[in-house]
Amino acid sequence: EDKVVQSPLSLVVHEGDTVTLNCSYEVTNFRSLLWYKQEKKAPTFLFMLTSSGIEKKSGRLSSILDKKELFSILNITATQTGDSAIYLCAVGGVQGAQKLVFGQGTRLTINP
Amino acid sequence: GAGVSQTPSNKVTEKGKYVELRCDPISGHTALYWYRQSLGQGPEFLIYFQGTGAADDSGLPNDRFFAVRPEGSVSTLKIQRTERGDSAVYLCASSQGGAGANVLTFGAGSRLTVL
């Protein structure tokens, strides 16, 4: 059974800190790994990763995939209070990327 | 539309009642998905439509749950004889479909509370 595990489940830091969120997975016929940010209700897309070792970057956020060790990390530098959210990791596998399997999420809280 | 629209945003019902949740996907998106998110958990896959047909309904928990997409656009998730354990946020998402189109755009969800 496809499985995604995120850690930590919860993280509280001060504004300006750098954080690293982890996602490990077990999936048959891996296709892609996606990161989403969920603030209120609708998860919003951050990154899609398909190849190992290639960093995706958007402003203060970056992510990288290791297909050999079956994990991904999401880094956020110079955190701001607006970064407070639940960060979800999802993988697409045996049924095609359409059937995404999500992890439990990491609840990130940035204190001023 | 500009985004994925879900109605109602909140639904409170009594145990045993029937509910319908509606999803209007992004115009032109051929793929539509329903997920369920319980408190403190990530979204859990329910069903995926490609066009009008259910390409994968393996996530539907039992036969009380059913979804349709008769014209390949709007979808309705139907839950019969609701139970307290059905309480969750039901998320709908759409994508362009096809082999490489795996970036899902989510709606704000319908929060279902079964008393």
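This write-up is about the structure you can find in this document. From a predicted model like this one, the values you see are computed outputs, not experimental measurements.

Conventions used here
Residues numbered from 1 in each chain as written. Chains lettered and ligands numbered in written order. Predicted model: local features only at pLDDT ≥ 70, side-chain atom pairs only at ≥ 80, totals over all residues. Heavy atoms only, no water. Helix = DSSP H or I, 4+ residues; strand = E, 2+ residues; numbered from the N terminus. Contact = heavy atoms within 4.5 Å. Salt bridge = Lys/Arg side-chain N within 4 Å of Asp/Glu carboxyl O. Polar contact = N/O pair within 3.5 Å; in protein donor to acceptor, adjacent residues only side chain to side chain. Pairing = 2+ DSSP bridges. Axes fitted to C-alpha atoms, helices over the stretch in contact; angles between N-to-C directions. Disulfide = S-S within 2.5 Å. Phe/Tyr/Trp six-rings, centres within 6.5 Å; stacked < 30°, edge-to-face > 60°. Buried < 20%, exposed > 50% of the residue type's maximum accessible area, 1.4 Å probe, protein only.

At the junction of Ser7(A) and Pro8(A), the peptide bond is cis and its omega measures out at -10° in the coordinates. As for its position among the elements, Pro8(A) is in the loop between strand S1 (3–7) and strand S2 (10–14). Residue Pro8(B) follows Thr7(B) across a cis peptide bond; omega there is -10°. Positive phi outside glycine occurs at Asn29(A), with the angle close to 55°. The topology assignment puts Asn29(A) in the loop between strand S3 (19–26) and strand S4 (32–38). A positive phi angle is found at Ala78(A), which is not glycine, with a value near 45°. Structurally, Ala78(A) can be placed in the loop between strand S8 (71–76) and strand S9 (85–93).

So, on to the interface of chain B and chain A. In many reports, interface size means the accessible area that the parts give up when they come together. With 21 residues of chain B at the contact, the number on the chain A side is 18 residues. In this structure, the connection of chain B to chain A is made through zero salt bridges. Counting across the interface, chain B meets chain A through four residue pairs in polar contact (both at pLDDT 80 or more). Counting residues per element, the side of chain B that touches chain A draws most heavily on strand S4 (residues 31–37) of chain B, at three residues.

A few words now on the sheet that holds strand S7 (residues 61–66) of chain A. Residues and elements named next belong to chain A. Spatial strand order, S1-S3-S8-S7-S6: five strands in an open sheet with antiparallel pairing. Looking at strand neighbours, the two that pair on one side only are S1 and strand S6 (56–58), the edges of this open sheet. If you compare each strand with its neighbour and ignore which way they point, the axes differ by 15° on average. As paired elements, S7 and S8 share six bridges and run antiparallel to each other. If you follow Ser 63 over to S8, its bridge partner there is Leu 74.

All names here are of chain A. Under the defined criterion, the tally for this structure stands at two disulfides over all chains. There is a disulfide in this structure between Cys 23 and Cys 89, and the S-S distance comes to 1.9 Å. Classification of the bridge connecting Cys 23 and Cys 89 rests on its S-S torsion, roughly -70°, and on that basis the disulfide is left-handed. One end of the pair, Cys 23, is in strand S3; the other, Cys 89, is in strand S9, with 66 residues separating them in the sequence.

Evaluated as defined, the whole model comprises five salt bridges over all chains. Its salt-bridge partner being Lys37(A), residue Glu39(A) comes within 3.9 Å of it at the nearest N-O pair. Linking Arg60(A) and Asp83(A) is a salt bridge whose minimum nitrogen-to-oxygen distance equals 2.8 Å. Of this pair, Arg60(A) sits in the loop between S6 and S7 while Asp83(A) sits in the loop between S8 and S9, and the two are 23 residues apart along the sequence. Through salt bridges with shared partners, a single network forms among Arg64(B), Glu83(B) and Asp86(B).

The next subject is the sheet that holds strand S7 (residues 65–68) of chain B. All names here are of chain B. Judged by pairing direction, the sheet is antiparallel, and its four strands sit side by side in the order S1-S3-S8-S7 without closing on themselves. Whereas interior strands pair on both sides, the edge strands pair on one side only; in this sheet they are strand S1 (5–7) and S7. Neighbour-to-neighbour, the strand axes of the sheet open up by a mean angle of 15°, direction not taken into account. Where strand S3 (residues 19–24) lies against strand S8 (residues 75–79), five bridges are found, and the strand directions are antiparallel. Paired with Val 19 across the bridge in S8 is Ile 79.

Below, the discussion takes up the packing of aromatic side chains. Applying the stated criterion to the full structure yields nine aromatic pairs over all chains. Ring geometry for Phe102(A) and Tyr35(B): centres 5.5 Å apart, planes at 85°, overall edge-to-face. With one member in each of two chains, Phe102(A) in strand S10 (residues 96–102) and Tyr35(B) in strand S4 form a pair that bridges those chains. Classification of Phe102(A) as buried rests on a relative accessible area of 9%. Both rings, one in Phe102(A) and one in Phe106(B), keep their centres 6.0 Å apart while their planes meet at 70°; by these two values the pair is edge-to-face. Pair noted here: Phe102(A) is in strand S10 and Phe106(B) is in strand S10 (residues 105–106), and the two residues belong to different chains. Exposure class is identical for Phe102(A) and Phe106(B). Each is buried.

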